Amino acid sequence: MKTVIIIPNYNGAHFLEKCMPALLSQSNQDFSILFVDNASQDDSKKQIAYWIGQDPERIFLIQNMENTGFATAVNQGILWAKEQGASYALLLNNDTEVAPDFVEQLLLFMKAKEKKGEKVFALSSKMVKMHDPSLMDDAGDELCLLGFPFQRGLEDEASHWTKAEKVFSACGGAALYSISLLKETGLFDEKHFAYLEDVDLSFRAQWKGYSIYYCPGALCKHVGSGTSGGKYSDFKVELSARNSIFLLYKNFPLGLKILNFLPFLLGILIKALYFQKKGYGKAYRKGIFRGLKERKEMKKVDFRGVPLRRLIAIELRLFKNCFVYLSERKRRRKGLRSDAV
């Protein structure tokens, strides 16, 4: 099998009832499925055993004895896929339900780009809301100079997002990665544990000059925050804040860190005020301080050999994305007002 679908799982037994039938009825069945279970305490083992029994030649399990986090779990999966000789690793959250031609669309898109000689690192799928598929959840991720990663198209009409285009980062919740290019960038940074590890990895791919695309033909319904239990929690806010410092520390050369110090600081202050209003101010501040304290444990990008034009192009893109981010927030606020009326 040239493609391995990697499903990291932690207490997600109830999600597999939708996730697995959708995968087993795909138009393209040339893939295997690997569960990486992080010591689930629910009925996950029973559920996974059931699905392995349905197709033991194509469905496999790595059982961890503790919760290693998303990054470590998917790395285990990618290394397993590499050992099997696979070309692609398709990361898929357990709280998803993919369209019948989801895998086929991703592979057709990837192979078409590769045939033209393009080095495509990853493809981000068209993720829509599980509770309302007419609304977008994610059309690939972007990063702005304030240090904010953000989901393109969030809560917009799904019918507006039909154009394939390059994005800054693939969303690791439903994305296809080239295993050969992962050898060049390295895998997900396991120190992240969870959150922003996909943006961090894509940032490294950007510095290498690889392409990342949004593939609108690959449709996927997504619950969102299924494992963490909701949009916000002290755990999620603290870890995301810490990892945001890691993201900036690792992926900017010293000159750009100095140049962008004020935007970075402004971004931190804006987020601090936002989470203070949401009741998570203490968790956010704790995460920022943890990030500053632990940052030197992180492995920074080696910028030797990165051409100046690429440095300038990425800097300009992140600056432009500040306006894209504001535009996206304005659209969502307008939508909320319309719903209230």
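Everything quoted here is computed from the prediction, not taken from an experiment.

About the criteria used
- Residues numbered from 1 in each chain as written.
- Predicted model: local features only at pLDDT ≥ 70, side-chain atom pairs only at ≥ 80, totals over all residues.
- Heavy atoms only, no water.
- Helix = DSSP H or I, 4+ residues; strand = E, 2+ residues; numbered from the N terminus.
- Rg over C-alpha atoms; globule rule 2.2 N^0.38 Å.
- Contact = heavy atoms within 4.5 Å.
- Areas by Shrake-Rupley, 256 points an atom, 1.4 Å probe, with all protein chains shown as cover.
- Lys, Arg positive; Asp, Glu negative; His and termini not counted.
- Charge placed at Lys NZ, Arg CZ, Asp CG, Glu CD.
- Patch = residues over 30% accessible without salt bridge, like charges linked within 9 Å, V, L, I, M, F, W, Y side chains within 5 Å.
- Salt bridge = Lys/Arg side-chain N within 4 Å of Asp/Glu carboxyl O.
- Buried < 20%, exposed > 50% of the residue type's maximum accessible area, 1.4 Å probe, protein only.
- Polar contact = N/O pair within 3.5 Å; in protein donor to acceptor, adjacent residues only side chain to side chain.
- Core = buried A, V, L, I, M, F, W, Y, C linked by side-chain atoms within 4.5 Å.
- Expected span 1.5 Å × (residues − 1).
- Pairing = 2+ DSSP bridges.

Enquirer: Requested: an account of the overall build of the protein chain, with residues and values cited.
Expert: Looking only at helices and strands, the protein chain features 11 helices and 12 strands. In terms of overall dimensions, the protein chain is globule-like: its C-alpha atoms have a radius of gyration of 19 Å, near the 20 Å expected for 341 residues. Its C-alpha atoms give the protein chain principal-axis dimensions of roughly 55 × 50 × 40 Å. In the protein chain, once contacts between residues fewer than 6 apart in sequence are set aside, the share between residues at least 24 apart is 80%. A total accessible area of about 16200 Å² is found for the protein chain, and carbon and sulfur atoms account for 56% of it. On the protein chain, the mean spot of the 50 positive side-chain charges and the mean spot of the 38 negative ones are 8 Å from each other.

Enquirer: Pulling in residues and values, what's your account of a nonpolar patch on the surface?
Expert: Together, Phe261, Leu262, Leu265 and Leu269 give the surface a local cluster of nonpolar side chains, amounting to about 410 Å² of exposed area. Here Leu262 is to be found in helix H9 (residues 261–278).

Enquirer: Give me the environment of His131: which residues, what numbers.
Expert: One can find His131 in the loop between strand E6 (120–129) and strand E7 (136–138). For His131, a relative accessible area of 68% corresponds to the exposed category. C-alpha of His131 to C-alpha of Lys221: the two residues are 90 residues apart in sequence and 8.5 Å apart in space.

Enquirer: Run through the side chain of Ser178, naming residues and quoting values.
Expert: Following the sequence through the fold, Ser178 ends up in strand E11 (residues 174–178). Of note is the side chain of Ser178, whose polar atom sits 3.1 Å from the side chain of Ser180. Leaving out residues up to four positions away in the same chain, Ser178 has contacts with Ser87, Tyr88, Val120 and Phe121.

Enquirer: I'd love a proper account of the pattern of salt bridges, names of residues and values included.
Expert: Scanning the model with the defined rule gives 14 salt bridges in all. Ionic pairing is found between Asp137 and Lys129, a salt bridge with its closest N-O pair at 3.3 Å. Exposure class is identical for Asp137 and Lys129. Each is buried. Asp302 is paired through a salt bridge with Arg304; the nearest N and O atoms lie 2.7 Å apart. Under the relative-accessibility criterion, Asp302 is labelled partly exposed at 46%. Using a relative accessible area of 73% as the deciding quantity, one classes Arg304 as exposed. Taken together, the salt bridges that share partners define one network made up of Glu238, Arg242, Lys286, Arg290 and Glu294.

Enquirer: Please provide a residue-by-residue account of the nonpolar core, values included.
Expert: Judged by nonpolar contacts, the single largest core of 37 residues is most densely connected at Val4, Ile6, Phe121, Met136, Tyr177, Phe188 and Ile212. Take this core: its biggest share by element is 7 residues, from helix H3 (residues 70–83). Residue contacts for Phe188: discarding those within four places in its chain leaves Ala71, Val74, Asn75, Ile78, Leu91, Tyr177, Glu197, Asp198, Leu201 and Arg204. Listed in part, the 33 residues of the second largest apolar core include Leu23, Leu107, Met110 and Val120.

Enquirer: Account for unusual backbone geometry, naming residues and giving values.
Expert: Phi at Glu155 takes a positive value of approximately 65 degrees, unusual for a residue other than glycine. Within the fold, Glu155 resides in the loop between strand E9 (149–151) and strand E10 (165–166).

Enquirer: Just give me the short version of helix H10 (residues 281–294), but keep the residues and values in it.
Expert: In this model, H10 (14 residues) spans 20 Å end to end at C-alpha, consistent with the 20 Å of a helix rising 1.5 Å per residue. Those residues of H10 not exposed but buried are Gly281, Ala283, Tyr284, Gly287, Ile288, Gly291 and Glu294. The inward-facing, buried residues of H10 contact helix H7 (234–251) and H9.

Enquirer: Explain the pairing of E11 to me, using residue names and the numbers behind them.
Expert: Across the 5 residues of E11, 5 count as buried, placing the element largely inside the fold. Where burial is concerned, the two faces of E11 agree: the one with Ala174, Leu176 and Ser178 and the one with Ala175 and Tyr177 are both buried. The pairing of strand E4 (residues 88–92) with E11 spans 5 bridges and is antiparallel. Following the sheet pairing, Leu92 is matched in E11 by Ala174. Where E6 meets E11, 3 bridges bridge the pair, whose relative direction is antiparallel. Across the sheet, the residue bridging to Leu123 is Leu176, located in E11.

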